[in-house]
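As a plain string of letters, each chain reads:
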Amino acid sequence: MSLHHFISYSFADPKAEAFALQLADALQAGPPSIPVWLYKRESQAGIAWDTQIVEAIRSCETLLFIMTRDSVMDQSGCKQEWMRALKYKKPVIPLRLHTDAELPYRLEPRQRIDFTGDFKTSLARLREHLQWRTSPAGVLHSLQERFADAQYAMGRPHDAAQTVRIEDDLAQLQKQIAEQQRVADDPEAA
């Protein structure tokens with residue numbers, strides 16, 4: 001499975017599904033064409049749906065989380081998707097569709113892209129953001145998000161093996177951030 005952007009939306013909300021399809025079409029149409037994974041289109045018959053979703057999240061470049069009244073609820077399947085993305089150290093980009101959809105606490109530090117207004121303007125902003133994510137500054141930002149997520153995990157109850165793993169992650173991320181900061185400060189020298 002090639003790098004793609006996983007689109008997470010609530011199946012319980014018909015407006016969210018219509019928006020997810022519109023977004024997928026617009027991103028793939030380009031220019032440039034941006035590959036996406038949308039369950040409604042990419043799922044394969046005869047393979048467990050949850051297995052397909054997990055693999056699509058594991059292999060994605062980012063998870064695009066469509067924020068609706070239903071998708072931000074604790075019992076929404078979207079929560080499992082963005083939590084899995086964080087577990088796999090994938091950037092989660094919140095896309096606000098409903099004005100009253102509150103960003104989940106765990107995603108609070110992330111800047112959302114507002115799709116409550118003009119679709120074309122918001123789409124252009126998303127395209128710019130996805131492109132920026134591949135720049136030295138964008139890669140640095142992703143590493144800093146991962147570091148913040150690891151610090152959050154460290155403050156939660158866990159066993160000794162998890163503590164060691166998280167401490168190792170934090171140490172590796174500190175090194176990666178320092179190196180990426182040098183690249184972002186002077187891309188030509190790097």
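Above this text is the structure in question.
A brief look at the structure comes next. Nothing here was measured: the structure is a model prediction, and the numbers come from that model.

1. Quick look at helix α6 (residues 136-154)
Here's step 1: Its 19 residues give α6 an end-to-end C-alpha distance of 27 Å, which sits within 8% of 27 Å, the value for a rise of 1.5 Å per residue.
Here's step 2: Residues of α6 that are buried include every one of Gly-138, Leu-140, Ser-142, Leu-143, Glu-145, Phe-147, Asp-149 and Ala-150, and no others.
Here's step 3: The inward-facing, buried residues of α6 abut α4 (77-87), α5 (119-132) and α7 (160-185).

2. Overview of the sheet that holds strand β4 (residues 92-96)
Here's step 1: On the basis of which strands lie adjacent, the open sheet formed by five strands has the order β2-β1-β3-β4-β5 and parallel pairing. Both edges of this open sheet fall to β2 (36-37) and β5 (113-114), since each of them pairs with a single strand only.
Here's step 2: Relative to β4, strand β3 (residues 62-67) runs parallel, the two sharing five bridges. For Ile-66, the partnering residue across the bridge sits in β4 and is Leu-95.
Here's step 3: Along the sheet, α4 makes contact with β1 (5-8), β3 and β4, crossing β3 at roughly 155°.

3. Some details on the pairing of β1
Here's step 1: A two-sided burial pattern is seen for β1, the buried positions comprising His-5 and Ile-7 on one face and Phe-6 and Ser-8 on the other.
Here's step 2: Note that β1 and β2 share two bridges and pair parallel. Among the inter-strand pairings, His-5 is bridged to a residue of β2, identified as Val-36.
Here's step 3: The handedness of the β1 to β2 crossover, carried by helix α1 (residues 14-29), is right-handed.
Here's step 4: By the bridge criterion, four bridges tie β1 to β3 in an arrangement that is parallel. Bridge pairing links Ser-8 to Phe-65 in β3.

Calculation criteria
- Residues numbered from 1 in each chain as written.
- Predicted model: local features only at pLDDT ≥ 70, side-chain atom pairs only at ≥ 80, totals over all residues.
- Heavy atoms only, no water.
- Helix = DSSP H or I, 4+ residues; strand = E, 2+ residues; numbered from the N terminus.
- Expected span 1.5 Å × (residues − 1).
- Buried < 20%, exposed > 50% of the residue type's maximum accessible area, 1.4 Å probe, protein only.
- Contact = heavy atoms within 4.5 Å.
- Pairing = 2+ DSSP bridges.
- Axes fitted to C-alpha atoms, helices over the stretch in contact; angles between N-to-C directions.
- Right-handed = clockwise from strand over helix to strand, strands pointing away.

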